[in-house]
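For reference, the chains in residue letters:
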Amino acid sequence: METMKKGAVFLVGAGPGDPELITAKGMMRLNDCDAVVYDSLSSDRLLALAPETAERIYVGKRAGRHSMKQEEINELLVRLGNEGKKVVRLKGGDPFVFGRGGEEIQALQAAEIPYETVPGVTSAVAVPESVGIPVTHRAMSRSFHVMTGHTLAEGETLPPDFPAFARLSGTLVFLMGLGNLHPIVEGLLEAGKPADLPAAVIENGTLPEERLVRGTLADIEEKAAEAGIKTPAIIVVGETAALDMSSTLRRPLDGIQVCVTGTESFSDRLIRSLTALGAKAENVCRLGLKSYSGGPEMRRAYGNLSSYSWAVFTSANGVRLFLEGLLAAGKDFRSLGHLKLAAVGRGTAQELRRWGFLADYVPDRYQVEDLAQGLTELADGGDRILIPRSRDGSHALNEALEAEGIPYDDIVLYEVTAEWRERERLAEILGQSQYLTFASGSGVNAFFDGLTEEERRGLDHIRIVCIGGVTARALEKRGRKADIVAETYNIPGMTAAVVKDAAVSGDTREKR
Ligand code: SAH
């Protein structure tokens, strides 16, 4: 293939919502792109598949923000393409099903930007399927017809061809129709559909928030209103809407909802692990790491490694960023050979081990105070200690070292930033969930710093899962005890802890 100077735009179908319903090809395009342009919350959940360095550009509607006009999106795609970037344009469902993907292609054609479309699983079929409604079924429905309920918007008049739709005998699937449920139902009845014809409305199909209302043409409007069904929603009308072919597989975390906090890639892996066992899981607070490993302070430290006798790590992220930064600074691990290494807890020690280093010291109880105590016993005034860690690190370590007259450099290696997903719905989501997970002390701090007093009280019912002792201590400092601490400090360990706890709580629930 000729090398691309101009870049290219990949119009990728993101699927109906469940991030695992993207195609393998779509996933590959995401894995290897320079920019992602996305507009719905569901495709938001796929962003973890893009390289960390890829630009993420949101062009949709979200509380308080205006969405970009279609022309502006077209221009953006053309501009990114002209900059030589590999751009993934994520579109919900399939790009060409009511997605305005065609308009984006026309703009790319006009600008002679190379492009490719990657088909997606359309919500028109997958959302009914997710609740057990097949769009066709032998001897019941021989065709299905997908239409938009949106063109009805102005003046609530039905489009001229509506009576023709209504006479079709197959399953009718309306996208973007919820706001016009009334004229749709009326139009169908007027065109001669029987009042007892089955109908269903599905909100947020294939997602943790999925909701289903079943009824008939006579009562579906009232039932949907009663349930307070919101967009995005799909309306299905026809005999098959009465069928229930929903999954009968029973898994250990069915019915369990988990709120996850942590970095994008960690959360993504934990969510996969939990949802594979039936849980509904989503990231409520996404942590980002801003690394200063290339900054002046760290450069000086990398340059003066021989002046230190100990290096102390207080998180797995610290280990990773420190070692990556060392390589980026043009040095390798031989420059660390003389150093003794301390880790605050087992997770941090495990990360060191992954890189080929055995920690010389890990305190028995995993907190910074114990680490400080141990270090003051092992080191003395002749030592010099390097502490590359996050900005919100505990001062207990510095105080203990100062008290003993042990020289040290506490250097900000990284900073933890928190980004809330659907901040305005946080209380509601926490209220519905049984578990909340934390994978680091900085994660605990970032989360609690962002909570209102009322939201904090709203956590009383939820069981908090911590990846390990250090995280649990950070939580304790916030006035809350961890309900569960994983036995092994990784994703399988956290998943196993939730499964075990859910089985026990499930038993007590049944006994009551
Ligand atoms: N290209 C998309 C459809 C875009 S139009 C596709 O192929 O699926 C957007 C409409 O799709 C919404 O108004 C809603 O009617 C429907 N929709 C998309 N995802 C949905 C979901 N997860 N649950 C219910 N409806 C959904």
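Preceding this paragraph is the structure being described.
Presented here is a report on the structure given in the accompanying data block. Just so you know, these numbers come straight off a predicted model, no measurement behind them.

So, about the site of the ligand. Around the ligand sit 17 residues, and of these V97, T122, S123, M176 and A233 come closest. Protein coverage of the free-state accessible area of the ligand, which is 540 Å², stands at 86%. When residues of the shell around the ligand are traced back to their parent elements, those giving at least two are α5 (123-130) and β10 (233-237). Partitioning the shell around the ligand into residue classes produces 10 nonpolar, 6 polar and 1 charged.

With that out of the way, let us pick up the sheet that holds β10. Strands in a sheet are paired, the pairing made by backbone hydrogen bonds, and the direction either parallel or antiparallel. Spatially, β6-β7-β10-β8-β9 is the arrangement adopted by the 5 strands of the open sheet, whose pairing is mixed. What marks the edges here is a single partner per strand, and that holds for β6 (144-148) and β9 (211-216). Taking each pair of neighbouring strands and ignoring which way they run, the sheet shows an average axis angle of 15°. Across 4 bridges, strand β7 (residues 171-175) lies against β10 in antiparallel orientation. The residue of β10 that forms the bridge with F174 is I235. Across the sheet, helix α8 (residues 220-227) is in contact with β8 (198-203) and β9; its angle to β9 comes to roughly 155°.

The method is simple in principle: a probe with the dimensions of a water molecule rolls over the atoms, and the space it marks as empty is what remains. Applying the stated criterion across every chain yields a total of 1 cavity of 30 Å³ or more. The volume enclosed by the largest cavity comes to roughly 40 Å³. In terms of lining residues, the largest cavity is bounded by A311, F313, F322, L323, L336, L339, L341, L352 and F357. Among the secondary structure elements, those contributing two or more residues to the lining of the largest cavity are β13 (310-313) and α11 (316-328). Of the residues in the lining of the largest cavity, the class split is 9 nonpolar, no polar and no charged.

What the 5 strands build is an open sheet, ordered β3-β2-β4-β1-β5; its pairing is parallel. Every other strand in the sheet has two partners, leaving β3 (55-58) and β5 (115-118) as the edge strands with one partner each. Averaged over all pairs of adjacent strands, the angle between their axes in this sheet comes to 20°, without regard to strand direction. Sheet topology note: the strand β1 (residues 8-13)/β5 ladder contains 4 bridges and is parallel. Across the sheet, residue V12 finds its bridge partner in β5, namely V118. Here helix α3 (residues 70-82) sits on the sheet and contacts β1, β2 (35-38), β3 and β4 (86-91); the angle it forms with β4, its principal contact strand, is near 155°.

This part takes up α5. For α5, every residue scored as buried is listed here: S123, A124, A126, V127 and P128. For α5, the elements touching its buried residues are β6, β7, β8 and β10. Backbone geometry just downstream of α5 places G132 in the positive-phi region, at approximately 95°.

The rules behind the values
Residues numbered from 1 in each chain as written. Predicted model: local features only at pLDDT ≥ 70, side-chain atom pairs only at ≥ 80, totals over all residues. Heavy atoms only, no water. Near = heavy atom within 4 Å. Areas by Shrake-Rupley, 256 points an atom, 1.4 Å probe, with all protein chains shown as cover. Helix = DSSP H or I, 4+ residues; strand = E, 2+ residues; numbered from the N terminus. Nonpolar A, V, L, I, M, F, W, Y, C, P; charged D, E, K, R; others polar. Pairing = 2+ DSSP bridges. Axes fitted to C-alpha atoms, helices over the stretch in contact; angles between N-to-C directions. Contact = heavy atoms within 4.5 Å. 1 Å grid on protein atoms, 1.4 Å probe; cavity = no way out; pocket = protein on both sides within 12 Å on 5 of 7 lines; lining within 4 Å. Points joined across faces, edges and corners; volume = space filled by probe spheres on them. Buried < 20%, exposed > 50% of the residue type's maximum accessible area, 1.4 Å probe, protein only.

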